[in-house]
Amino acid sequence: MVGESDDERAARRQGVSGHRLVPHTADVRIEAWGASREECLAEAALGLVGCFADVSAVRPTAVERVRFAEAGGDELLAALLDEVVYRLEVHGQVPVDIETEAADGGLEVRLAVAALADVEIVGAAPKGVSWHELRFGPDAYGWSCAVTVDV
C-alpha cells in the first residue's frame, strides 16, 4: 500500500490484520488489510469507528448480527461501513468489536456494540462512504482496501 512503513509491510507479510487513518482534506481516509477478505472488512469497519471514537475501555452492551447478500467487493465494503454509520445515527450504537465470516458469497457480521454515550468521542462522526477512489481486493499479502469517509 502507498505510504506503508517497513513495520506495516513486515506485519502484512506475517498475516497480521490492521488499519490506519490517512490524512485527507476535510474527510477521513481509511486503509485496511487482512489475510482474508473478511479480516480486511472487519479492520475497515474498526478503522471507521476509530476515526471518531475511542472504544478501548468500553464493554459491549449488546450483540447485533447483520447478513449482507453476495456482492462485489466494493459494494460489500460500502455496505458494511454504511451499516456502522446507520447504527450510529439511528440507534446511537458504536461497534466495539466486529467479527466477520463468509456466508454463501456474502458476509455474516457480528457487531458487539455499546451506547454512543458510553464511548469517548475523539473526532467528527462519519456521515457516509464516498465511492470516489474506493478500492477493495486481493493483493500480494492477502486483501486490502482504501475508502474515504465523509465526516
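A brief report on the enclosed structure follows.

## Details of the overall build of the protein
- For the protein, the helix and strand inventory stands at 3 helices and 9 strands.
- When the elements of the protein are put in sequence order from the N terminus, they spell out α-β-β-α-β-β-α-β-β-β-β-β.
- In terms of overall dimensions, the protein is globule-like: its C-alpha atoms have a radius of gyration of 14 Å, near the 15 Å expected for 151 residues.
- Across the 151 residues that make up the protein, the buried fraction comes to 46%.
- The contacts in the protein between residues at least 6 apart in sequence include a share of 66% that link residues at least 24 apart.
- In the structure as shown, the protein presents an accessible area of about 7400 Å², 49% of it carried by carbon and sulfur atoms.
- In the protein, 13 side chains carry a positive charge and 27 a negative one; their mean positions are 2 Å apart.

## Details of the packing of aromatic side chains
- Inspection of every chain in the model, using the stated rule, returns 1 aromatic pair.
- Taking 5.3 Å as the distance between ring centres and 35° as the angle between the ring planes, the aromatic pair formed by Phe136 and Trp143 counts as tilted.
- Taking the relative accessible area as the measure of exposure, Trp143 reaches 23% and is therefore partly exposed.

## Regarding the nonpolar core
- Residues Leu48, Leu77, Leu81 and Val94 are the most contacted members of the largest nonpolar core, which totals 41 residues.
- Counting residues per element, the ones that place at least two in this core are β2 (27-34), α2 (37-50), β4 (62-68), α3 (73-91), β5 (93-103), β6 (106-115), β8 (128-139) and β9 (142-150).
- It is α3 that provides the largest number of residues to this core, a total of 8 residues.

## Considering the packing of α2 against α3
- Where α2 contacts α3, the two axes come as close as 10 Å, and the packing angle between them is 35°. For the pair α2 and α3, the crossing hand works out as right-handed. Residue-level inspection shows Arg37, Leu41, Ala44, Ala45, Leu48 and Val49 of α2 in contact with α3, the latter providing Leu76, Leu77, Leu80, Leu81, Val84 and Val85.
- A class-by-class count of the residues in the contact of α2 with α3 yields 11 nonpolar, no polar and 1 charged.

## Description of the sheet that holds β9
- Pairing is antiparallel across the open sheet formed by 4 strands, whose spatial order is β1-β2-β9-β8. If you trace the sheet from one side to the other, it starts and ends with β1 (18-24) and β8, each paired once. Adjacent strand axes in the sheet meet at a mean angle of 15°, parallel and antiparallel pairs treated alike.
- Where β2 meets β9, 8 bridges bridge the pair, whose relative direction is antiparallel.

## What about α3?
- Across its 19 residues, α3 extends 26 Å between first and last C-alpha, which sits within 8% of the 27 Å expected from 1.5 Å per residue.
- Residues Leu76, Leu77, Ala78, Leu80, Leu81, Glu83, Val84, Val85, Arg87 and Leu88 constitute the buried set of α3.
- Trailing α3 by a residue or two, Gly92 shows a phi angle of about 65°, which is positive.

## Some thoughts on the sheet that holds β6
- Pairing within the open sheet is antiparallel, and its 3 strands lie in the order β4-β6-β5. Every other strand in the sheet has two partners, leaving β4 and β5 as the edge strands with one partner each. When the angles between neighbouring strand axes are averaged without regard to direction, this sheet yields 20°.
- In the sheet, β4 pairs with β6 via 7 bridges, with the strands oriented antiparallel. Its bridge partner lying in β6, Val63 is registered against Ala112.
- Packing of α3 onto the sheet brings it into contact with β4, β5 and β6, and relative to β4 it is tilted by some 145°.

Scoring rules and cut-offs
- Residues numbered from 1 in each chain as written.
- Predicted model: local features only at pLDDT ≥ 70, side-chain atom pairs only at ≥ 80, totals over all residues.
- Heavy atoms only, no water.
- Helix = DSSP H or I, 4+ residues; strand = E, 2+ residues; numbered from the N terminus.
- Rg over C-alpha atoms; globule rule 2.2 N^0.38 Å.
- Buried < 20%, exposed > 50% of the residue type's maximum accessible area, 1.4 Å probe, protein only.
- Contact = heavy atoms within 4.5 Å.
- Areas by Shrake-Rupley, 256 points an atom, 1.4 Å probe, with all protein chains shown as cover.
- Lys, Arg positive; Asp, Glu negative; His and termini not counted.
- Charge placed at Lys NZ, Arg CZ, Asp CG, Glu CD.
- Phe/Tyr/Trp six-rings, centres within 6.5 Å; stacked < 30°, edge-to-face > 60°.
- Core = buried A, V, L, I, M, F, W, Y, C linked by side-chain atoms within 4.5 Å.
- Axes fitted to C-alpha atoms, helices over the stretch in contact; angles between N-to-C directions.
- Left-handed = near helix turned anticlockwise from the far one by under 90°.
- Nonpolar A, V, L, I, M, F, W, Y, C, P; charged D, E, K, R; others polar.
- Pairing = 2+ DSSP bridges.
- Expected span 1.5 Å × (residues − 1).

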